[in-house]
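Letter by letter, the chains look like this.
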Amino acid sequence: MFSKQYLLEYYQREYTWERRHVVELVTDLANAFLRDWRPDHDRQRYDSYRPYFLGPFVSHPTGLKKNLVDGQQRFTTLHLLLIHLERLLKEQGDDDTANMVGSMVRRYAGGQHHYTIDVEERRACLEALRAGKDFDPTGATVSVQNLWQRAQDITDALPEALRDERLPAFADWLADRVYLVEISAADRDLGWEIFESMNDRGAGLTSLDLLKSFVLSRAGREQARLNDAWRKMLADLSEFGRQVPSSFFETLLLARYAAADGSEDDEIERAFHEWVRVRPERVGLKHQGQDYCDFVLETVAPSAEQYRSLLEAARTRTEGLHAVFYNAVNGIESQYLLIMAALRRNDSPKTVQEKAQLLASYLDLVFVLRVVNNDSAIQAQDFREEVHRLLPAVRDTSSVDELRKLLGREAAELPDGFAGVEKLSLHTNRRNLRYLLARLTAFVESESGRPDEADRYLGYGATASDSVFTPWEIEHIWANKYSLHVQTGVANEDAFKRERNRVGALLLLEKSINASFGADIYRDKLPHYAQQNLLAASLHPNSYRRNPNFRKFKEKWNLEGNFSAYPESFDKKAIDERGALYRRLCECIWHVDRLGFVGATSFVPPQRSTSQRKKPRYGVQIADLMRAGLLKEGSTLRGELKRSQRIFHATITASGRIRLEPSGEEFKSLSGAGAAATGTTSSPGWDFWHIVRSNGTYVPLAAIRKQAIEQGILEQSLPTA
């Protein structure tokens, strides 16, 4: 597919996929590769992994190139993914694999480079993506704006598990083991005839159609009434997308009736009508007639209304359901599964709202804690696992009070608190850090009597629409010039870059305002900050004068000692103080009492032994080697970026995290720590980090892992289920 060149006719040039489509494709590809990958596999083993089929596409020849008639959305997204992989491979110094991927991205012919999908309006955007540079889509076509946004989604969706030493093998697998079938028509007219035949003629019945036929044929009576109820359900849910009614049934069955461990997920997602037909008693269909009528009128119809209210809250920030909106912004689609598991068909609208907000708030809390503690488990699949873990207990609750107590216990067992905020910095986590700063900014504003504009700070206006361009950006309080900050307490340029990216040195400002500051020094920017949101304005002394609402806010949340003005300069000590302020704000926003949970009072990490830790889904982690006695707390790690001859240091903590030195920021993965240390977006962590032996020699952690696998040491040390 990517060994040729393709054109798009003018009526085919719109790229319309939304974030959810991109995330689904990237997640499916990642999971398909990772199900076969093992840490003891060499690079060549990828050719024995199971292939992955992405369906057909239609083209017709136009000179030396081909015109795409069907498949443009998939093809464009794969093209964006290849561009991202090429850049990551170059960062890792794997030029050979990067060149292989690069040859799929574009070709050199006729004295110039041509992208595989050769559309002139896309060129500037694609060039920026290849170079890892920023691109301003303002003024570009809607399709190009969407292209840029979906490229950012690919960056977020590619799991950290594929941004380490697995990346080259994944690139090989993607190039050689992911298949599409090309249907090549003789000309344009025949191409469109084939396209219409595939998409419009003789369309097969869907699972939704077959389920309706199965249920209504056995109801025996009230056919017209049942059909009306079914059609209303379809019409109401279809407003949110053509596939939403089917997604509703999948969610309903998985949430309330299927095995809670996820073992039946694939079966239901493949053909939910067949799952119901084989197990009708699981959904209460024991006897023909009344059971089938009740299923439509007493289960499907009210549940569809509940589901619709959640979709509306995810699309438009709704009072009492803000957390549902926030989770939608962060791509936590599995929230619907968990919420629907807690709802009962006779729940009042108020009860539905309370249950939904509680469960969505818990998932939001888990997300934020993982972000501030540099835990890479923030992809859709990670939250799917968390939802399945909670599902049995949530199903057993019936009242709001029971749910509050359950979530209170769960919150008390979360392994991390907000201490990590003070060391948190900007690296590969820009999107997530933007989210954190938006929530902090909106909290200070709303609690000080100003409008709650969290949705606007998140860049979505009033609606979580995929197509809206983000107008808010992260602002560095320090200008990007070391010579302007030699008096701020930093020892050298590396230390300057480290401090400048710490969360305490960051704000959230509107894009146009942020751009206008340029490289201004702090004292020049301070008067402008005074006119912005209160979190930014609190740097200026005027915010503390004749501002009774701001004063009441500080008193209410016991923050008087945390807010300070910096009228003359903003140095390293100020960054430390602002980091402590942001931590306190996090503890206020996500305090269990404010979230409505019962039975937990604070985030004090429980004293868990390492033997209780869950075995990681992919590969080996530092904690596994510590249990095996091959590594220990306090061990020194060394990494070297050979192309720049820079040396980096880290230590291993008691919990198996990697603490970067001298910043103190901790990471749960070696690749995350390596990427943050080197300022890149990927790192082959097991090869990058070396253990420093007492005799001064360095041993790559990959060698220690290999030894543990070959000798079976890990199997001996892993805890039983």
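Source: prediction; values computed, not measured.

Participant: For this particular structure, what's the right way to read the sheet that holds strand β12 (residues 666-667)?
Facilitator: Strand pairing in a sheet relies on backbone hydrogen bonds. The paired strands run either parallel or antiparallel. Overall, antiparallel pairing links the six strands, which are arranged β12-β11-β10-β9-β13-β14 in an open sheet. The open sheet has two edge strands with one neighbour each: β12 and β14 (698-700). Both strand β9 (residues 636-641) and strand β13 (residues 689-692) contribute to a ladder of three bridges, which runs antiparallel. By the bridge assignment for β13, G639 is matched with W689. Across the sheet, helix α28 (residues 670-678) lies against β9, β10 (646-652), β11 (658-661), β12 and β13, angled at about 15° from β11, the strand it touches most. Set on the sheet, helix α30 (residues 701-710) makes contact with β9, β13 and β14; between it and β14 the angle comes to about 60°.

Participant: Please clarify how the nonpolar core should be interpreted in this entry.
Facilitator: Counting 138 residues, the largest nonpolar core has F248, Y582, L585 and W590 as its most contacted members. Here the element with the most residues in this core is helix α15 (residues 349-372); it accounts for 14 residues. Apart from the residues lying within four places of it in its own chain, the contact partners of F248 are M233, L237, V300, S303, A304, Y307 and M340. Listed in part, the 57 residues of the second largest apolar core include L8, Y15, V26 and A151.

Participant: How should I be thinking about the sheet that holds strand β3 (residues 65-70) in this particular structure?
Facilitator: A sheet is described by the order of its strands in space; here four strands give the open sequence β1-β3-β2-β6, paired in mixed fashion. The strands lining the two open edges of the sheet, one partner per strand, are β1 (6-7) and β6 (178-184). Note: β1 against β3, two bridges, orientation parallel. The partner of Y6 across the bridge, within β3, is K66. Sheet strands in contact with helix α2 (residues 72-91) are β1, β2 (52-62), β3 and β6, and its direction is about 105° off that of β2.

Calculation criteria
Residues numbered from 1 in each chain as written. Predicted model: local features only at pLDDT ≥ 70, side-chain atom pairs only at ≥ 80, totals over all residues. Heavy atoms only, no water. Pairing = 2+ DSSP bridges. Helix = DSSP H or I, 4+ residues; strand = E, 2+ residues; numbered from the N terminus. Contact = heavy atoms within 4.5 Å. Axes fitted to C-alpha atoms, helices over the stretch in contact; angles between N-to-C directions. Core = buried A, V, L, I, M, F, W, Y, C linked by side-chain atoms within 4.5 Å. Buried < 20%, exposed > 50% of the residue type's maximum accessible area, 1.4 Å probe, protein only.

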